[in-house]
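# Coordinates in review
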Amino acid sequence: MEQPAVKGQKVAFVKPHVREEWIGRIYTTLCILFLIVTIVAIVYFVASKGLSTFFKNGVNIGDLLTGLKWNPEGEPPLFGALPFIFGSFSTSLLAALIAAPLGCCAAIFMTQIMPGVGRKYLQPVIELLAGIPSVVYGFVGLSVIVPMLRAIFPGQGIGIMAGSLVLAVMILPTITTIATDALAALPSGLKEGSFALGATRWQTIYRIVIPTTLPALLTGVVLGMSRAFGEALAVQMVIGNAPHIPRSLFESTSTLTSAITLSMGNTITGSAHNNALWSLALILLTMTFIFVFIVRVLERRNHR
Amino acid sequence: MNAKTADRIATVVIFAVAAFIVLLLIGLLGFILVRGISHISWDFLTSAPETIKAGGGIGPQLFNSLFLLVLTMLITVPIGVGAGIFMSQYAKPGRLTNSIRLVVEVLSSFPSIVVGLFGMLVFVQKFDIGFSLLSGALALTVFNLPLMVRITEQAMSGVPREQKEASLALGLSRWKTITSVMFPIALPTIITGTILAAGRVFGEAAALLFTAGMSSPRLDFTDWNPLSPFSPLNPLRPAETLAVHIWKINSEGLAPDAAEIAAGASAVLVITVLLFNFGARWFGRYLHRKFTATR
Amino acid sequence: MQTNGLKVNELSVFYGEKEAVKKVSLSFAPQTVTALIGPSGCGKSTFLRSLNRMNDTIGGVRTTGEIWIDGVNINDPSIDVVELRQQIGMVWQRPNPFHKSIYENIAFGPRYHGIKKKKQLDEIVEDSLRKAALWEETKDRLHNSALALSGGQQQRLCIARSIAVKPKIILMDEPASALDPVSTSKIEELIAELKKEYCIVIVTHNMQQAARVSDRTAFFYMGKLIEADSTEVMFTNPTQKETDDYISGRFG
């Protein structure tokens, strides 16, 4: 007779605050799980699609990475992606080379020379530059930079140089923002010590400020490069899209992203050509991981 | 060269670079607006595009962009805020949390074209949603989530510790503390960040090429039944957004006035993004004033 | 809502490997004010925060030992901390009212604990504000933001907020150290008034304050409890040399 009573007590309802806590925990955990599942799914699908070029279509990895001829519909089909890889690396490297000094100068201006003016005018300008959509950059590149390059240099104006210039403006905000944060975080005693020794401002900047913040500045540059490497439409619009390694900076060429952009819609799912495009996407993805890894290494050095 | 001269030259160079960047933005905006604004008219904003004739507008594209933005934010905000709260309040410091943070960082640096491909494969093909607003919104969600998570996490971590402790000490559960005490304080920062993120979503094109598609059906703006294939509100129809449209007419536009349309559409896009930017700024300042006012 | 007091048995608190509080045993009688004094970093605040398990909310903190309240060891992992904290009020060094109206600051806790009727809430708000000697100053602007109050008023609001959920014990972590002298004396008067109903534990670095408000004083040094006795004895005739040195101002 006593048994049911004990049972009844055990069934006693869960206290409201415990239940509500569980609801919150489960909800937020599901959200973060969604994020994790998404990234795992992206990696899984891109990798399985991208690798099927090698396993199902029998293309040699070495041939894809080093081959110079891209003619996937030809007879026999050729999957040499080196021109695209070369195009992606050269445009993003050149863009970083152009944007890095500009970004660092802007950061120095905003933190060391005129912080007031910098915060009030330059900062919003940088933020607006970051906000302009990439297709608009592509459009301006196509209607301003390409004709300008065509007028000054031999060739059609399209090519690596046009792509790099567009990308340089696009990644300038990334580099500037990170450099500014790094410079602003410097302890002021460091600079004052140098001034006290009679060093000029520039001596202080390039002997003390830049060396101590170098890992952080490089972080910005790498993040900028990473963004440039993955940018698709703005580059595709000004680079010309010819699948070969150009002989000059002003000759039509292509990148990984523009090859995907142009052809993905015109290929049949599962075909060798389609899978080869996924292989290009896999290269992009791998490069993203490498960039993130480099940034992590730099950040670790920065914290030391 | 002595140190004084070097200092002077360096200062001049740095000033010049700063001025150059400001001029760059002015030139850029000036070019887009001057080239485009003359082409913007009520007719341009509302009429449908023409493929081979001159005089087409961007009405459906503009509508698609706005609709897609709303859809995306409806999906992104609840998930992003939830995940951000998890990261700032529930994740215990340690290996696991560090790896989750790495995941978010990696996801935020994925090229948007790859996100678009993933969306095409999973949403369009595997889930069989087809080229549609919904597929596009899901792809943009993937693209936008890491940013939303970071915004929320930072805003929540910025709430003073004493506020959280005061609520816990009254005997409130953690979840109630988060939702009733911390979240309202973090909200202004979250809203400002969300508006900026919305601007980014509005201008995104690469992730949409293979998810929302590059064409729109002839929309019937009198048909507001969301299930009808020609209704603007149908989330399962393909939809070319403004940003995608700009890309498309630049690369394959056949209309004789393609250049003008591109200029006009770019101006509209930039103006909208500027509005988002100024809106976020204004809203941030307004809330700041409201919260720091003595009364 | 009376309590038989609080009895702490061999309580240790670890931050990672570091032992911030070392095997402290101490009793707190009902209707008394106990002051915890000691140089900064001596573990007195950490000790205080472990009494309502507030240290649980910081990652990497481990607490061992027993804390008995009315026959229950509240340092047991199976204890529902949310319910526990309702019985123990807390006041912080810097006033931390919620970013809500004065009324909402006080009604927030009771409403969560199940009091939904407006009339009842109104009564609690008035009663708590009266007890915190804030009613006269705020009765006409209950729905204004609490952040518009002065620092001293905010601190009294925080006290009102904590008594609104009818705790048995109130913990105060240097409640007057961020306030001006006038506000400080108001808080001290308030403490003397509140002790008629509550068991109060107050951390302070101000020895005059400890002497003025407390019945008992406990001296902490380097994470250890050096000695505890009635305030009078502690300030006139301490048995330990460290206590004497600290109280007479030779270090700290």
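Residues numbered from 1 in each chain as written. Chains lettered and ligands numbered in written order. Predicted model: local features only at pLDDT ≥ 70, side-chain atom pairs only at ≥ 80, totals over all residues. Heavy atoms only, no water.

### Side note on the interface of chain C and chain B
Think of interface size as the accessible area that goes away when the parts come together; that is how it is often given. Just so we agree on the cut-off: Residue contacts are counted whenever heavy atoms from the two residues lie within 4.5 Å of one another. Here's the idea: put two parts together, see how much 1.4 Å probe accessible area each one loses, and the total over both is what we call buried area. Salt bridge, as used here, is a side-chain nitrogen of Lys or Arg placed within 4 Å of a carboxyl oxygen of Asp or Glu. Counted as a polar contact is a pair of N or O atoms within 3.5 Å, where, for protein atoms, one must be capable of donating a hydrogen and the other of accepting one, and residues adjacent in sequence contribute only when both atoms are in side chains. Where helices and strands are cited, they refer to DSSP runs of H or I of at least four residues and of E of at least two residues respectively, numbered from the N terminus. When residues are sorted by character, Ala, Val, Leu, Ile, Met, Phe, Trp, Tyr, Cys and Pro go into the nonpolar class, Asp, Glu, Lys and Arg into the charged class, and all the rest, Gly among them, into the polar class.
Of the residues lining the interface, 25 residues belong to chain C; the matching set on chain B comes to 19 residues. Each partner contributes to the roughly 2,000 Å² buried at the junction of chain C and chain B, and carbon and sulfur atoms together form 64% of this total. Taken together, the links from chain C to chain B amount to one salt bridge. The shortest N-O distance in the salt bridge between E165(B) and R49(C) comes to 2.7 Å. For the pair chain C and chain B, the interface holds eight residue pairs in polar contact (both at pLDDT 80 or more). Counting only elements with at least two residues in the side of chain C that touches chain B, the list comes to α2 (81-87), β6 (88-91), α3 (102-112) and α6 (151-163) of chain C. Looking at the side of chain C that touches chain B residue by residue, the classes come out as 12 nonpolar, nine polar and four charged.

### A look at the packing of aromatic side chains
Formally: Stacked, tilted and edge-to-face are the three classes applied to pairs of Phe, Tyr and Trp rings, where Trp contributes its six-membered ring and a pair requires centres within 6.5 Å; stacked means planes under 30 degrees apart, edge-to-face means over 60, and tilted covers the rest. In this scheme, a residue with accessible area under 20% of its type's maximum is buried, one over 50% is exposed, and one in between is partly exposed, where area comes from a 1.4 Å probe on protein chains only.
Evaluated as defined, the whole model comprises 23 aromatic pairs over all chains. Ring centres 5.0 Å apart and planes at 75° place the aromatic pair W70(A) and F84(A) in the edge-to-face group. Placement of W70(A) in strand β1 (residues 70-71) and of F84(A) in helix α4 (residues 82-113) is noted, with a sequence separation of 14 residues between them. Accessibility expressed as a relative area gives 2% for F84(A), which makes it buried. Seen from their ring centres, F139(A) and F31(B) are 6.5 Å apart, and the 40° between their planes marks the pair as tilted.

### Quick notes on empty space enclosed by the protein
Residue and element names in this part refer to chain B. To keep things clear, this is the line we draw: A cavity here means a set of points on a 1 Å grid, drawn over the protein atoms and nothing else, where a 1.4 Å probe fits but cannot get out; a pocket is an open set with protein on both sides within 12 Å along at least five of seven lines, and a residue lines either one if it has an atom within 4 Å of a point. Grid points are joined across faces, edges and corners, and a volume is the space filled by probe spheres set on the points.
In total, this model carries three cavities of 30 Å³ or more according to the counting rule given. Surrounding the largest cavity, S65, L68, L69, L140, V201, F202, E204, L208 and T241 form its lining. Considering each element in turn, the lining of the largest cavity owes the most residues, three residues, to helix α3 (residues 59-90). Each residue belonging to the lining of the largest cavity can be placed in one class, and the counts come to six nonpolar, two polar and one charged.

### Regarding unusual backbone geometry
For the peptide bond that leads from E75(A) to P76(A), omega is 0°, which places it in the cis range. Here P76(A) lies in the loop between β1 and β2 (78-79). Positive phi values are uncommon outside glycine, yet E10(C) reaches one of about 50°. Summarising the element assignment, E10(C) is placed in strand β1 (residues 6-15). Here the phi dihedral of D70(C) falls at roughly 45°; this positive angle occurs in a residue that is not glycine.

### Details of the UniProt feature "transmembrane region" (unreviewed entry) in chain A
In plain terms, the rule: UniProt positions are given in the numbering used here, feature names are shortened, and annotations may be inferred rather than shown by experiment.
Annotation from UniProt places "transmembrane region" (unreviewed entry) at residues 26-47, 84-109, 121-146, 158-184, 205-225 and 276-298 of chain A. For residues 158-184 of chain A, the helix share is 93%, the strand share is 0%, and the end-to-end C-alpha distance is 39 Å.

### Observations concerning the pairing of strand β3 (residues 33-37) of chain C
Residue and element names in this part refer to chain C. Where we set the bar: Two strands pair under a simple rule: DSSP has to find at least two bridges between them.
Most of β3 is tucked away: five of the five residues are buried. Neither face of β3 is left uncovered, since the one carrying V33, A35 and I37 and the one carrying T34 and L36 both have all their residues buried. Direction of pairing for β3 relative to strand β8 (residues 199-203): parallel, over a ladder of four bridges. Looking across to β8, one finds that T34 is bridged to V201.

### What about the layout of surface pockets?
As a volume, the second largest pocket reaches approximately 940 Å³. Along the wall of the second largest pocket there are 34 residues; nearest its centre are R25(A), Q89(B), R174(B), D56(C) and T57(C). Those elements that provide at least two residues to the lining of the second largest pocket are α2 (16-55) of chain A, α3, α6 (133-157), α7 (161-169) and α8 (174-203) of chain B together with α2 of chain C. Among the elements that line the lining of the second largest pocket, the one with the most residues is α2(A), at five residues.

### Some points on the pattern of salt bridges
Residue and element names in this part refer to chain C. Counting across every chain of the model gives 25 salt bridges over all chains. The salt bridge partner of K131 is D127, with a shortest N-O separation of 3.6 Å. Taken as a pair, K131 and D127 lie in helix α4 (residues 118-131) at a separation of four residues, close to a single helical turn. The network of salt bridges with common partners includes E126, R130, E136 and K139.

### Things to note about the packing of helix α6 (residues 134-152) of chain A against helix α9 (residues 242-252) of chain B
This is how it is decided: Lines fitted to C-alpha atoms define the axes, with helix axes restricted to the stretch in contact, and inter-axis angles between N-to-C directions lie between 0 and 180 degrees. Orientation is classified from the angle alone, with under 35 degrees giving roughly parallel, over 145 giving roughly antiparallel, 65 to 115 giving roughly perpendicular, and any other angle giving oblique. For any pair of crossing helices, the crossing counts as left-handed if the nearer helix is rotated counterclockwise from the farther one by less than a right angle, and right-handed if it is rotated clockwise.
Closest axis-to-axis distance for the α6(A)/α9(B) pair is 9 Å, and the angle between their directions is 25°. When the axis of α6(A) is compared with that of α9(B), the two are roughly parallel. With respect to the hand of their crossing, α6(A) and α9(B) are arranged in left-handed fashion. Two secondary-structure elements touch here, α6(A) through V135(A), F139(A) and L142(A) and α9(B) through A243(B), I246(B), W247(B) and N250(B). Considered class by class, the residues forming the contact of α6(A) with α9(B) number six nonpolar, one polar and no charged.

### Quick look at the UniProt feature "domain: ABC transporter" (unreviewed entry) in chain C
In the UniProt entry, the feature "domain: ABC transporter" (unreviewed entry) is given for residues 6-247 of chain C. Along residues 6-247 of chain C the backbone is 37% helical and 26% strand, and the end-to-end C-alpha distance reaches 26 Å.

### Some words on the domain arrangement of chain A
All names here are of chain A. Under the convention used in this document: As used throughout, domain bounds are those supplied by an automatic or database domain assignment.
Splitting chain A by domain gives domain 1 (3-56) and domain 2 (78-303). With centres defined by C-alpha atoms, the gap from domain 1 to domain 2 works out at 38 Å. Each partner contributes residues to the interface: domain 1 has 10 residues there, and domain 2 has 11 residues. Considering only the surface of domain 1 that becomes buried against domain 2, V46, K49 and T53 emerge as the three largest contributors, covering 57% of it. At the boundary of domain 1 with domain 2, the tally comes to zero salt bridges.

### Re the UniProt feature "domain: ABC transmembrane type-1" (unreviewed entry) in chain A
According to UniProt, the "domain: ABC transmembrane type-1" (unreviewed entry) feature falls on residues 85-295 of chain A. In residues 85-295 of chain A, helix accounts for 80% and strand for 0%; the two terminal C-alpha atoms are 21 Å from one another.

### Quick look at the confidence of the model for chain C
In plain terms, the rule: Known as pLDDT, the predictor's confidence for each residue is given on a scale from 0 to 100.
Averaged over all residues, the pLDDT of chain C equals 90, while 98% of them reach at least 70. This prediction of the complex comes with two scores: 0.88 for pTM and 0.89 for ipTM.

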